[in-house]
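# Coordinate analysis (summary)
The lines below spell out each chain.
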Amino acid sequence: PSIPLPHHFEPAAGLAILYLGIAITLGAYGLYNFGLKHIEASKACTYVNLIPVFSVILGWAILGESFSKQQCLAAGLVMVGVYISQCRFNITTARRSHHSCSSFKGSSCD
């Protein structure tokens, strides 16, 4: 099945394509690369998991889309997961054992 090409050009559609190409590509990826200069890549990539959370919240706030209890719970779980993944803790404090692990350095999350 083929779709016929449009016979006339809609300026609004062209502007939308330009906006997506310029604002999103240069803006979002530019800001992401700017952030990578200031924090580790391992921390930056963790925050990518928040993109769907903010997409759902902004869709609800701006476009009036539905925001169900399940979506709210899932968003909360993602946020908790990102928070936990960014925490560094001392393994001897967390687990009262005689084994030490040099890979767990630092203090608890603030």
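As a starting point, this report considers the structure included with it. Quantities reported herein were computed from a predicted structural model and do not represent experimental measurements.

Of regular secondary structure, the protein possesses 5 helices and 0 strands. Buried positions account for 10% of the 110 residues belonging to the protein. As displayed, the protein offers around 9,500 Å² of accessible surface, 69% of which is attributable to carbon and sulfur atoms.

The interhelical angle for the contact between helix α3 (residues 51-63) and helix α4 (residues 69-86), taken along N-to-C directions, is 145°, at an axis separation of 9 Å. The two elements α3 and α4 meet at a crossing, and its hand is left-handed. Across the interface between the two elements, V53, V56 and I57 from α3 touch Q71, A75, V78 and M79 from α4. Among the residues forming the contact of α3 with α4, the class breakdown is 6 nonpolar, 1 polar and no charged.

In this section: a nonpolar patch on the surface. A cluster of nonpolar side chains, contributed by F54, L58, I62, L63 and M79, occupies part of the molecular surface with about 540 Å² of accessible area. For the nonpolar patch, the element with the highest residue contribution is α3, accounting for 4 residues. Looking at the secondary structure, you find I62 in helix α3.

Our focus in this paragraph is the packing of aromatic side chains. Under the counting rule described, the total for this entry stands at 1 aromatic pair. On the basis of an interplanar angle of 35° and a centroid distance of 6.0 Å, the ring pair of W60 and F67 is categorised as tilted. Residue W60 is classed as partly exposed on the basis of its relative accessible area, which comes to 48%.

A word on α4. Across its 18 residues, α4 extends 26 Å between first and last C-alpha, which sits within 8% of the 26 Å expected from 1.5 Å per residue. Summarising the contacts, the buried residues of α4 are in contact with α2 (41-46) and α3.

Reading guide: rules and limits
Residues numbered from 1 in each chain as written. Predicted model: local features only at pLDDT ≥ 70, side-chain atom pairs only at ≥ 80, totals over all residues. Heavy atoms only, no water. Helix = DSSP H or I, 4+ residues; strand = E, 2+ residues; numbered from the N terminus. Buried < 20%, exposed > 50% of the residue type's maximum accessible area, 1.4 Å probe, protein only. Areas by Shrake-Rupley, 256 points an atom, 1.4 Å probe, with all protein chains shown as cover. Axes fitted to C-alpha atoms, helices over the stretch in contact; angles between N-to-C directions. Left-handed = near helix turned anticlockwise from the far one by under 90°. Contact = heavy atoms within 4.5 Å. Nonpolar A, V, L, I, M, F, W, Y, C, P; charged D, E, K, R; others polar. Patch = residues over 30% accessible without salt bridge, like charges linked within 9 Å, V, L, I, M, F, W, Y side chains within 5 Å. Salt bridge = Lys/Arg side-chain N within 4 Å of Asp/Glu carboxyl O. Phe/Tyr/Trp six-rings, centres within 6.5 Å; stacked < 30°, edge-to-face > 60°. Expected span 1.5 Å × (residues − 1).

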